[in-house]
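Descriptive structure summary
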Amino acid sequence: MNPQANLIFIISLLLGTTITISSNHWIMAWTGLEINTLAILPLISKSHHPRAIEAATKYFLTQSAASALVLFSSMTNAWHTGQWDITQLTHPTSSLILTSAIAMKLGLVPFHFWFPEVLQGSPLTTGLLLSTIMKLPPIALLYMASHSLNPTLLTTLAILSTALGGWMGLNQTQIRKVLAFSSISHLGWMAIIIVYNPKLTLLNFYLYAMMTATIFLTLNTIKVLKLSTLMTAWTKIPSLNAMLLLTLNSLAGLPPLTGFLPKWLIIQELTKQDMAPAATLISLLSLLSLFFYLRLAYCTTITLPPHTTNHMKQWRTNKSTSIMIAILTTMSVMLLPISPMILTIV
């Protein structure tokens, strides 16, 4: 793609995100979401592969439907209450429609079917944008309207997302699809706590975005898309592969690593809200996703192929990893000890 065109699309993406997260009026928020959708479409379909075109079409149709629902929800609320302010979403029907619209935007169950397909059809760098920055505007809207959302509906969506995200990721061999189901599972953790402690949702999102960015950038550096190629990629940059193992374990939420912090805080908050059964259930369901993270981690650091047929060893590349990956990897693994400081900032 032409670098100038690429720059315009990236700037539009940042502009759309900024407009949505800084707006008070529903129409401005909707405008930001539309700019975002239109800016990411060329980035998804830039390879001109039929699968990429299909992914862009699916993304466009789903996001258009979700944007229409956001507009419908805000108009219904304005009709009944006379308010266009995002924080004044008080009508129950509007709240219900908005929850469905944002669930469709994010890819929460039962509106999750588009997300793995779109991620699979996109390049790794676009997949990184779809998994991180494109989730920020819908989460910001949920954050602003969190006081008027239906807790039962969100808890149901969250538990279903964690269950299906873990369950459907078990059988995947394509790494982008595994990361898509991982995203759905993590969104379940964010959705369950948004009504009770919205700041925890934002903290969870920031840490999730950081760890996912690390994994996408690492995979982009070693040029790996499938589990079978991941098994023989350790010779390229062994130190980076070793850190990828730790980052995957962190994304799974294993205790000494950064990813444990949001899960720990969410379980604690749910217990305070007398929702111990929901906390227990979502914790048990996250064990499903732990399995495929561990499988990815095993394939990352396996030094001998699991079959006896001859295969070509990859050349060790001389190019050094970027400072960005080094910083993100360190933060993805080592932030748990400074969690009190993180909580004072948030």
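Residues numbered from 1 in each chain as written. Predicted model: local features only at pLDDT ≥ 70, side-chain atom pairs only at ≥ 80, totals over all residues. Heavy atoms only, no water.

1. Description of the overall build of the chain
Secondary structure summary: the chain contains 16 helices and 0 strands in total. Taking 346 residues into account, the globule formula puts the C-alpha radius of gyration at 20 Å, and the chain, at 20 Å, falls close to it. In terms of its C-alpha atoms, the chain occupies a principal-axis envelope of roughly 70 × 50 × 35 Å. When each of the 346 residues of the chain is scored for burial, the buried share is 53%. Long-range pairs, those at least 24 residues apart, make up 78% of the contacts in the chain with a sequence separation of at least 6. Accessible area for the chain stands at about 15200 Å²; split by element, carbon and sulfur atoms hold 70% of it. For the chain, the distance from the average site of its 17 positive side-chain charges to the average site of its 6 negative ones is 20 Å. (Helix = DSSP H or I, 4+ residues; strand = E, 2+ residues; numbered from the N terminus. Rg over C-alpha atoms; globule rule 2.2 N^0.38 Å. Buried < 20%, exposed > 50% of the residue type's maximum accessible area, 1.4 Å probe, protein only. Contact = heavy atoms within 4.5 Å. Areas by Shrake-Rupley, 256 points an atom, 1.4 Å probe, with all protein chains shown as cover. Lys, Arg positive; Asp, Glu negative; His and termini not counted. Charge placed at Lys NZ, Arg CZ, Asp CG, Glu CD.)

2. Some points on the packing of aromatic side chains
Under the counting rule described, the total for this entry stands at 5 aromatic pairs. Geometrically, the ring pair formed by Y59 and W114 is edge-to-face, given 5.6 Å between the ring centres and 65° between the ring planes. Of this pair, Y59 sits in helix 3 (residues 50–81) while W114 sits in helix 5 (residues 114–121), placing them 55 residues apart in sequence. Across the pair, exposure class does not vary: Y59 and W114 are buried alike. Between W114 and F115, the ring centres sit 5.3 Å apart and the planes meet at 70°, which makes this aromatic pair edge-to-face. For the pair W114 and F115, a shared accessibility class is recorded, and that class is buried. One aromatic cluster is present, formed by Y59, W114 and F115 through successive ring pairs. Its end group placed over the ring of W189, K263 keeps NZ or CZ at 5.1 Å from the ring centre. (Phe/Tyr/Trp six-rings, centres within 6.5 Å; stacked < 30°, edge-to-face > 60°. Lys NZ or Arg CZ within 6 Å of the ring centre and 35° of its normal.)

3. Some thoughts on the packing of helix 10 (residues 198–222) against helix 13 (residues 260–272)
Running from amino to carboxyl end, helix 10 crosses helix 13 at an angle of 160°, the nearest separation of the two axes being 9 Å. On the basis of the axis angle, helix 10 is roughly antiparallel to helix 13. Crossing handedness for the pair helix 10 and helix 13: left-handed. Every residue of helix 13 that contacts helix 10 at L200, L203, N204 and L207 is listed here: L261, P262, L265, I266 and E269. Each residue belonging to the contact of helix 10 with helix 13 can be placed in one class, and the counts come to 7 nonpolar, 1 polar and 1 charged. (Axes fitted to C-alpha atoms, helices over the stretch in contact; angles between N-to-C directions. Parallel < 35°, antiparallel > 145°, perpendicular 65-115°, else oblique. Left-handed = near helix turned anticlockwise from the far one by under 90°. Nonpolar A, V, L, I, M, F, W, Y, C, P; charged D, E, K, R; others polar.)

4. Observations concerning the UniProt feature "domain: NADH:quinone oxidoreductase/Mrp antiporter transmembrane" (unreviewed entry) in the chain
According to UniProt, the feature "domain: NADH:quinone oxidoreductase/Mrp antiporter transmembrane" (unreviewed entry) maps to residues 23–288 in the numbering used here. Helix and strand shares over residues 23–288 are 74% and 0% respectively, and the end C-alpha atoms of the span are 38 Å apart. (UniProt positions renumbered as here; feature names shortened; annotations may be inferred.)

5. Comments concerning the domain arrangement of the chain
Where interface size is given, it is often the accessible area lost as the parts come together that is meant. Its domain assignment divides the chain into domain 1 (1–139) and domain 2 (150–306 + 321–345). At the interface, 26 residues of domain 1 touch 33 residues of domain 2. Summed over both sides, the interface of domain 1 with domain 2 buries roughly 2500 Å², with 78% coming from carbon and sulfur. The largest per-residue losses of area from domain 1 upon contact with domain 2 belong to V109, Q120 and L124, which jointly make up 28% of the total buried on that side. The interface formed by domain 1 and domain 2 includes 1 salt bridge. Linking K177 and E117 is a salt bridge whose minimum nitrogen-to-oxygen distance equals 3.4 Å. (Domains from an automatic or database assignment. Buried area = accessible area lost by both parts, 1.4 Å probe. Salt bridge = Lys/Arg side-chain N within 4 Å of Asp/Glu carboxyl O.)

6. With respect to unusual backbone geometry
Note the cis peptide between V109 and P110, where omega equals 5°. Take P110: it is sitting in the loop between helix 4 (92–106) and helix 5. Despite not being glycine, K223 has its phi angle at roughly 55°, a positive value.

7. Topic: the nonpolar core
One finds I40, Y59, L130, I192, L219 and L230 to be the most contacted residues of the largest nonpolar core, which totals 98 residues. No other element matches the 13 residues that helix 10 contributes to this core. The two domains that each donate at least three residues to this core are domain 1 (1–139) and domain 2 (150–306 + 321–345). Those residues in contact with L219 that sit more than four places away from it in its chain are L124, I175, L179, V224, L230 and L244. (Core = buried A, V, L, I, M, F, W, Y, C linked by side-chain atoms within 4.5 Å.)

8. Observations concerning the environment of S286
When you line up the elements, S286 lands in helix 14 (residues 276–301). The exposure class of S286 is buried, given its relative accessible area of 9%. With 34 residues separating them along the chain, S286 and A252 place their C-alpha atoms 8.0 Å apart. Setting aside chain neighbours within four positions, we find S286 in contact with T162, W189 and K263.

9. Some points on the side chain of N249
In this fold, N249 is placed in helix 12 (residues 238–252). Once you skip the residues sitting within four places of it in the chain, N249 turns out to touch L254, L257, L294 and A297.

10. Considering a nonpolar patch on the surface
A grouping of I323, M324, I327 and M331 is seen on the molecular surface, where their side chains present a nonpolar patch of about 400 Å² in accessible area. Considering the arrangement of structural elements, one finds I323 in helix 15 (residues 323–334). (Patch = residues over 30% accessible without salt bridge, like charges linked within 9 Å, V, L, I, M, F, W, Y side chains within 5 Å.)

11. Points about helix 8 (residues 151–168)
With 18 residues, helix 8 extends 25 Å from end C-alpha to end C-alpha; this agrees with the ideal 26 Å at 1.5 Å per step. Within helix 8, burial applies to L154, T155, L157, A158, I159, S161, T162, G165 and G166. The inward-facing, buried residues of helix 8 abut helix 4, helix 9 (175–193) and helix 14. (Expected span 1.5 Å × (residues − 1).)

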